[in-house]
Structure formats: C-alpha cells, structure tokens
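Structural features, examined
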Amino acid sequence: MTQSPTLSRRSSSSSSPPLPRKSRQRGADARAGYTFLLPWLLGFIALTVGPMISSLYLSFTNYNLFEPPKWIGLDNYTTLFQDERFLQSVGVTLSYVVFGTPLKLAAALAVAMLLNSKRKGQGFYRSAFYAPSLIGASVSIAIVWKAMFGDSGPVDQGLSFFGINLGGWVGNPSMTMPMMILLTVWQFGAPMVIFLAGLKQIPADLYEAASMDGAGPVRKFFNITWPMLSPVIFFNLLMETIHAFQIFASAYIISNGEGGPAGSTLFYTLYLYLRGFSDFRMGYASAMAWLLVVVVGIITLIFFKTSKSWVHYSGDSK
Amino acid sequence: MISRRNFLTTVALGTASAAALAACGSPAPAQTGSAANPVTINYTWWGNDDRATRTRKAIALFESKNPDIKVNGNFTDFAGYWQKRATEAAGGGLPDVMQWDLSYLRDYGQRNQLLDLGTVKIDTSGFDKSLLPSGQIKGKTYGIPTSTNAFAVYYDPAKLKSLGVSEPDGSWTYDEYKSWLKEVGAKGNGTIFGSTDFTGIWWQFNIWLRQNNIEAFTEDGKLGFSKDDLKTWWNMASDLRGTPALVSEERATQLAPKSPFGSNVTVAENTWDNFMAGYLADSGAKELKIVPVPSDDPDNLGLFLKPSMLMVASAKTKFKDASARFIDFMINDPEVGQIFKTSRGVPASKTQRDGTTFEGTDKIVVDYEKSIEKYLKDAPEPPIVGFGTLEASFKRISSDLNFGKLTVDSAADAWFKEAEDLIKQNA
C-alpha cells in the first residue's frame, strides 16, 4: 500500500507537543484525504483483506460451508501433493502459461510494429486488432470458440479442405490445449496497445542513424527496438503471466465446468473452484488459492531479479 | 462556525445515524400476505426449456388460486444448480422453496439447511408409504417426492428399423444386451452407434449391484461393494470400448450438455424413464420406447422406484406457511399433474396421478412403471453425504477409461481413493 507522506510526517511530529500551524493544517488535510478514501478503504478491507485473511485461516481447516471449520494444521497442504488431479491441474496450467504467454506477446509485438508505421486506415486496423480483447474474456466468446472448434465446425471444415482431418478439437484431449492457447493469443489487444505506446517513445533518429550505418531491419530490431522497449516488454510479460495463471471463465465454459475431456482443461483455478463449490471442500480450495498466491509471488520476484540483466531504463548507466 | 473537521464528523455521524434509523424503520416482513399485499417466495429448479415452460404455467396457476402469494421462479441446468445452492447456503440465502435431488438430500438436510416439512401443513395422505422415507433422515422429513422414476433402457424404434436390427423385448442378459449393441454398431456405418458406455452410469452400476444382492452403501455410510466388484463391472464393457457399439468419448464430449441419444447419434441409452419428454424434444423422434435393464437373473432386475425429484424448503425461510402451501400445491394439485404429465416422473401423490390423463408417450412411461411393479424393491435411503461428488467422479473416471487414459484397474483404484477420501472427510 502506498502510505501517505503526510501521515508519516504527522505521526513523527506528534512527539513534539507544540504543533506548528502548518503541520496542524497538514493533519487536517490528511484527515480529509482519508475521509475521501474511506469508501474505497472500507471496501478494500471488507472485500479483499478480510476474505484473504479468513481464507488463510480456512486453508488450515476442514470446512464444508455448513459446519464450523475444524483445525487440521497443514493437512490440506500435504494432501495437495498426493492429489493426482491437483498435479494434473498444475501441469495443465503451467503448459498454458509457458506456451500461451510468449506466443501472445509475440503476436502483440508483431502487430504493434506493423501498426506503428503511418498508413491509411491505421485507426481502423488498431480498433480491429484490439476488439477481440474487449470481448474475449466474455462468456459468449467461449461459446463461439467451442462451436468453431467442434465437430464439423468452421475450423474442422477449413482444415479438412487442406486434407488435415483432426475432427473436432473440443472433444480431443490432445487438441484442447492448442485451442485454449489460440483463444488467448487471439486476445492480444491489451499488450498490443501498450507496445504501440512504447514504440512511439523510441526516438526516430536512432533508427535514422542506424540506417546510415547500414543496419538492416533485424539488426535494428535487436539493437534498438528490443532494448528501448524492454521496460514495456517486461511489464507486459509480468502482467500476462499473472493473468495466464488466473484463466478460468473460458475453460469453465468450454468444458462445461468439468475440466474435460480427460482432464485436459483442468486449469488450476477451475479445479480450485470444483473443490470448493462442487465438493464443498473450502479449506482445501483455500489452501490451493494460497499456494497459487505464493507461487505467482515467487515467479514475479524471479522476473524482477532477472530483469536487471535485460531491462534497460532510460537514464541507466548500464 | 463549523470547522472542516467538525463538518466531516457531522456528516459522518449524520450518515451513520440515518442508516441506523433506516434499519430500525423497516418493519419485519410479514409471515403471511394478503391479496392486496402479497408475500413473495423464491422458487428454483433445474431443467431444460421444456420444464421451465411447464413450471411457469404451474406457478401462474398457483398465483391465481393464491392471490396472497407471489412466486419468483428461477432455473439453471443440473450441474450449475448445485454450485449455486452451495454458495447461497454459505451466505444463508437459499431460496424459500427448491426442487431437490435425492443425491444432495443428506448434504443439506443433515447440515440443518432444510426445513423439517413435518412441522408445516402439507398433505401426504395420497402417497405410497414406501416412498416417503426416501425424503426422510432420522425421523425428519426434509423432502417430499413430486414423482417417481425407474431406470430403463431407451431405444429409438425408427432407427433400429432403418438399420435392420430387431427391437429388444426387455428380458435380456448382459451378454444379449451387449451383442445387440455390437450389431447396431456394426450396421451403423460409423454414423450411428449403440449407446454411451453404460458402465459409466452410477445408477446402472447400482442396479447391477442390487441384481447381485449387494447394497452400494452400508447403513453406517461406508461403501458396500469391493474394488473387485467395480473392476468386474468396468470390465464388462472392455470388449465394447473403442468399437462402434459405444459412441466415442470425443464425440460425446462435443455434444455435451446434450446427450448422444438426444442428438440422434446413438440408438439406445440407459437412464431414468422420466427423461422421455426431454429426449423426444431433443431428438425430434416421433416415438421412443423403454424396456427394463438387462439382468443375468431374470427374477431380480434390481429395479426400484426412486423419487425423481423432491420439493424442499430452506430452513431459514421467513415464509413457512406460504412455502408449505406452494409445496402442497406442486405435489398434490391435479392440474399441476396435467401440466407436467410425466416430465417430472410419474406423479407420486394419488390425487395428482388420478387427476392426470396420460396419453401417447406419457402412457409409455406410466405403463412401464406398472409393468415392472412385480420386480420393484424398496427405494434406497438417501445416499451418503457427498454422494453428488461420488456420482460425478464415477462418470469422470469412466470417461478417462474410455479415453484410454486409465486401465480398468487404475480407474478402480482412482475411484476408490476419491471415495474413501470423501467418506473420511465427511465422517
């Protein structure tokens, strides 16, 4: 949380009783500030912090929603690692994150670079490429996706035209993951817009100078675009990775809330949900949720540590 | 003069006291309503559009006969239904009256979420005495059956005719049943299949256990069958899996939530006899027939009448009287019987059953339940706590078996592990 500087100043000055007039004024400002913040703070404490703390407590209990929770210590956490479906859900989620996120970012960056140059109808193309990410997270798109990749759906028919007979992807355990990844790659609009903004920041004279020195497009990309854009790439990579771990709605819709076929779309959050709301094992589900928080936290930390070697901020001496 | 600080305090205090006053001011909702000032109760059910239309008709009829009560109706599909109820129960906001399934009666009844209907006025004089206990746990009535259903094998006579396969007469062994499925699959040319894997259906397994004089659950809530029983059962379809006798799991997954039978992909399906109306609507077939399930013992078909659904009320309802009147109406009124026919099952109360005319396909269902009368055994008690989860995992693991992800042995191990874990959890 960002702590207001006024607050710390006030608390430090409270040790010296005779308050200067200016400081008193600041204190009043802080109070007013917090009063205006109050609705948000109340919401944050009641709807986010409170539930998180109670879920941390529940993760050490056996809780079925109806009866008071029973303290069982670390049992939920230890049984997790003997639960084959849990391990399966970890595998499914990791492969989605590892393959889906880089592909999505690559698509976003490629399109952003295409859209960066001034062309006719630029506005239209930007909107067109951004549109899927506006509607992509919705229930209706998941339903459309399911129909498109079903038996004799457009994808099946299109591929058979080229002699590739895969049948419907929805029912085939080895094809559901590519289908889910395509769905997320298609929604590259949000990182694309951020890339586009980043690309605009790169001074054109750098490219001009490189051209003068005879650098080709590949050289320019790796020696100018990539390092200059690296803070934006880092931001997008971080956000999209965290986002990918949280995939739920589309998997829920496409698999009818079961994670099938053969557990191939049993994403972490979907299994968490099934454990909590189908099996009434809220303690177990809470343990899963906290494990996810910790793992995503560690991954974020690793990203930050490694970022020093490849992310360049302007004004850096490196 | 009011300083800024005082001003804010005043505003805050003012808002708080206004809120407190508002809380005191609203009168506690009346227990009973009147035509001018009716009470509103919430009712929820699962089902397809067909059931929704019928239910809305019944609600309109109830409201016209009871102007002091308004019913606010709401529905979802079966799987989502239970997830929604779990969330509501956790928040203490279950609807006043709900359509219920036997599988979940213990989960909610034993945990004090449902109203003891013995404490309110509901007429059950028209009920068969052997049926009511299925809605009771330890002397308390948590649910009253609306109707009964029995397990059966459905088939589509028109499709059989076009394939040149003879219709079954309903007295058959598992071997005869299987070779019939194989014949259908062989003649179906890769477009029509026999059935879905019948060994993946919990109730069909339960019936087979009963045919072998085994109860699925013991009285103290443990498993009544062994891992070997389950292996024998799943092995029964080993020679059919992967052949056109059974529709592939890939195909079935794509058709979900519609069934392969309702999608005209198979000629047969083993399920409850009250699915007739739904299947007819889904498949568009003119006529579907039902026969008893196969059994290797011709005198023991393992069949029983199960409450196809129950009516329950929330333990926290503020409108016990209105809820009781609505339940009474839904289970006893002959006009409600006319609206639903056999789509909920055969009406359980005599007044409703006698007041309903069954023709055509509805007559097929009623006649079927009459024809198996002499084989019927007692309805099973409400299944163990967490049964809904077990039923779902039975289906899931059997589907993994069909995908070839598991062998029969590893599938039985997986299911037993989950079942034992669940029983331990809820002990």
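Since we're looking at a predicted model, the values are computed, not measured. Within each chain, residues carry numbers counting from 1 in the order of the written sequence. By the order in which they are written, chains take letters starting at A while ligands take numbers starting at 1. Per-residue local features of the predicted model are confined to residues with pLDDT of at least 70, and side-chain atom pairs are confined, for both listing and counting, to 80 or more; whole-chain, interface and lining totals are unaffected and use all residues.

Details of the sheet that holds strand 9 (residues 289–291) of chain B
All names here are of chain B. We apply this condition: Any two strands are treated as partners once DSSP identifies two or more bridges connecting them. To qualify as a helix, a DSSP run of H or I must reach at least 4 residues; to qualify as a strand, a run of E must reach at least 2; elements of each kind are numbered from the N terminus. Helix axes are fitted only over the stretch in contact, all axes being lines through C-alpha atoms; the angle between N-to-C directions runs from 0 to 180 degrees.
On the basis of which strands lie adjacent, the open sheet formed by 3 strands has the order 8-7-9 and antiparallel pairing. Lying at the two open borders of the sheet, with one neighbouring strand each, are strand 8 (268–272) and strand 9. For this sheet, the mean inter-axis angle between neighbouring strands, taken without regard to orientation, is 35°.

Here we look at the domain arrangement of chain B
All names here are of chain B. This is how it is decided: Domain boundaries shown here were taken from an automatic or database domain assignment. Contact criterion: two residues are in contact if their C-beta atoms, reconstructed from the backbone, are within 7 Å. Only Asp, Glu, Lys and Arg are considered charged, only Ala, Val, Leu, Ile, Met, Phe, Trp, Tyr, Cys and Pro nonpolar, and every remaining residue, Gly among them, polar.
According to the domain assignment, chain B contains domain 1 (39–148 + 307–366) and domain 2 (151–305 + 381–426). Listed per partner, the contact involves 25 residues of domain 1 and 21 residues of domain 2. Here the side of domain 1 that touches domain 2 is built from residues that sort into 8 nonpolar, 11 polar and 6 charged.

Considerations on the domain arrangement of chain A
Taken as a whole, chain A is organised into domain 1 (5–58) and domain 2 (78–310). If you average the C-alpha positions of domain 1 of chain A and of domain 2 of chain A, the two centres end up 38 Å apart.

Observations regarding the interface of chain B and chain A
Across the contact, 28 residues belong to chain B and 27 residues belong to chain A. Sorting the residues of the side of chain B that touches chain A by element identifies helix 1 (4–25), helix 3 (78–90), helix 9 (249–255) and helix 15 (387–402) of chain B as the ones contributing at least two each. Residue contributions to the side of chain B that touches chain A peak at 8 residues, all from helix 3 of chain B.

With respect to the pairing of strand 7 (residues 151–155) of chain B
Residue and element names in this part refer to chain B. We count it as follows: Neighbour counting defines burial: a residue surrounded by 20 or more other C-beta atoms within 10 Å of its own C-beta is buried, one with 12 or fewer is exposed, and intermediate counts give partly exposed, using backbone-placed C-beta atoms.
Counting buried positions over the 5 residues of strand 7 gives 5, a clear majority of the element. Burial along strand 7 is two-sided: the face carrying F151, V153 and Y155 and the face carrying A152 and Y154 are both buried. The pairing of strand 7 with strand 9 spans 3 bridges and is antiparallel. Considered in strand 9, the bridge of V153 is made with V291.

Describing the sheet that holds strand 1 (residues 39–46) of chain B
Residues and elements named next belong to chain B. Pairing within the open sheet is mixed, and its 6 strands lie in the order 2-1-3-10-6-11. Bordering the open sheet on either side are strand 2 (69–76) and strand 11 (346–347), each of which pairs with just one other strand. Two strands pair when backbone bridges link them, and strand 1 and strand 3 (residues 97–100) are joined in this way by 2 bridges, in the parallel orientation. Its bridge partner being in strand 3, T44 is matched across the sheet by M98.

A short note on the packing of helix 4 (residues 84–116) of chain A against helix 11 (residues 217–245) of chain A
Relative orientation and spacing of two packed helices are given, respectively, by the angle between their axes and the distance between those axes. Residues and elements named next belong to chain A. For clarity, the threshold we go by: In a left-handed crossing the near helix is turned counterclockwise from the far helix by less than a right angle, and in a right-handed crossing that turn is clockwise.
Closest axis-to-axis distance for the helix 4/helix 11 pair is 9 Å, and the angle between their directions is 145°. Relative to helix 11, helix 4 is oriented so that their crossing is right-handed. Of the residues in helix 11, those in contact with T93, Y96, V97, G100, T101, K104 and L105 of helix 4 are N236, L237, E240, T241, A244 and F245. By residue class, the composition of the contact of helix 4 with helix 11 is 6 nonpolar, 5 polar and 2 charged.

Here's the deal with the environment of N76(A)
Residue and element names in this part refer to chain A. Residue position: N76 is located in helix 3 (residues 75–80). On the basis of neighbour counts, which here come to 24 C-beta atoms within 10 Å, the residue N76 falls in the buried class. Each C-alpha atom of the pair N76 and F235 lies 34 Å from the other, and the pair is 159 residues apart in sequence.

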